[in-house]
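Structural overview
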Amino acid sequence: MLELVVIFVLGLCFGSFVQALTWRLRKKKDWVKARSQCESCGHELLALDLIPLLSWLTLKGRCRYCKKPIHWSAPLMELILGAVFVISYAFWPVALQGGQWLLFVTWLAASVGLLALAVYDLRFMLLPNNILYPTFLVAITGRLAYILFFSNDIARSSWLLALSLLVASGIFWLIYELSRGKAIGFGDVRLGLISGTVLADPLLSLQMIFVASALGVVAILPELLSHRKTLTSKVPYGPFLISATFIVLLFGNSFTTYYQSLILH
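Thresholds applied
Every chain is numbered on its own, with residues counted from 1 as its sequence reads. The predicted origin of the model limits local features to residues at a pLDDT of at least 70 and limits the giving and counting of side-chain atom pairs to 80 or more, whereas totals for whole chains, interfaces and linings rest on all residues. No hydrogens and no water enter the side-chain calculation; it runs on all heavy atoms of the structure. Under this scheme, a helix contributes an axis fitted over its contacting stretch, all axes are lines through C-alpha atoms, and angles between N-to-C directions fall in the 0 to 180 degree range. Helix and strand definitions follow DSSP, with helices as H or I runs of at least four residues and strands as E runs of at least two, each counted in order from the N terminus. Geometric relationships in this document are graded by angle, where less than 35 degrees denotes roughly parallel, more than 145 denotes roughly antiparallel, 65 to 115 denotes roughly perpendicular, and other angles denote oblique. Any pair of residues with heavy atoms lying within 4.5 Å of one another is described as a contacting pair. Three classes are used, and their members are as follows: Ala, Val, Leu, Ile, Met, Phe, Trp, Tyr, Cys and Pro are nonpolar, Asp, Glu, Lys and Arg are charged, and the others, Gly among them, are polar. Definition used in this section: a nonpolar core is a set of buried Ala, Val, Leu, Ile, Met, Phe, Trp, Tyr and Cys residues joined via side-chain atoms within 4.5 Å. Note on exposure labels: buried denotes an accessible area under 20% of the residue type's maximum, exposed denotes more than 50%, and partly exposed covers the range between, all computed with a 1.4 Å probe on protein chains only.

So, the packing of helix α5 (residues 129–150) against helix α6 (residues 154–179)
The geometry of α5 relative to α6 is characterised by a closest axis approach of 9 Å and an angle of 155 degrees between their N-to-C directions. Looking at the two axes, α5 sits roughly antiparallel to α6. Here Ile-140, Arg-143, Leu-144, Ile-147 and Leu-148 of α5 lie close against α6, whose contacting residues are Ile-154, Ser-157, Ser-158 and Leu-161. Counted by class, the contact of α5 with α6 contains six nonpolar, two polar and one charged residues.

Structural notes on the nonpolar core
By size, the foremost hydrophobic cluster in this structure holds 49 residues, and its most contacted members are Trp-107, Leu-117, Leu-191 and Met-208. Mapped by element, the contributors of at least two residues to this core are α1 (2–26), α3 (73–90), α4 (99–124), α5, α6, α7 (186–199), α8 (202–225) and α9 (238–264). If one sorts the elements of this core by residue count, α4 sits on top with 12 residues. With residues up to four places along the chain from it excluded, the contact list for Leu-117 reads Leu-127, Pro-128, Ile-131, Leu-132, Leu-191, Ile-194 and Ile-242. Ranked by size, the runner-up nonpolar core spans five residues in total, among them Ile-140, Ile-147, Leu-161 and Leu-165.

Next comes the structure, spelled out in structure tokens:
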């Protein structure tokens, strides 16, 4: 129980970082050196104002200085990443020992970047390279380290990783080229590299694409039926890919086992 609390608090802290990161990138500020500010009055926030979730609750959702409402997305991002951390720990598909700890920590680190990408894409319809490339670097470094130091068959693991990248990113690249960038953006192609690395299995990558498409249909269908959007409307696809990666990473093997049992019977 204690470890779940610690992991949840870590998720809250990194969720707060995601909020600051997306704001600073949008404002073209140095995301390392810049101080956090109120988006309404521009007042620099003190450490007391940056305690994840607790600050928002104690201030009743308003800036300490100008009293204007703090957008609900701030505590929501903290809660989401806290939940991602806890669910990942609770439902990690393989026993957490040896090299699995490396993959688990790599995933948690990558999930910080993935949440930032999801938020940025939802708000601004863009997947910035400033987040994409560092997140991919984290994912590929952790995966290669696992293959080199913990895999029982380096050649097979490397081949599966290559195929996973080909499926997760290559299919999106093909769609991008055939549609001349109208169906999806090239950021989704790069995002596929991260998903393919995290999953490291072509079958799981195929599942990820299927789940992402299903999530997209479920999300956009009410908008189409209410005529708020049309089939030609632009929709950020990144959040669906990221959500699908999370789902398939934790439960994809269970889905595969279930399908196989249905076919065999």
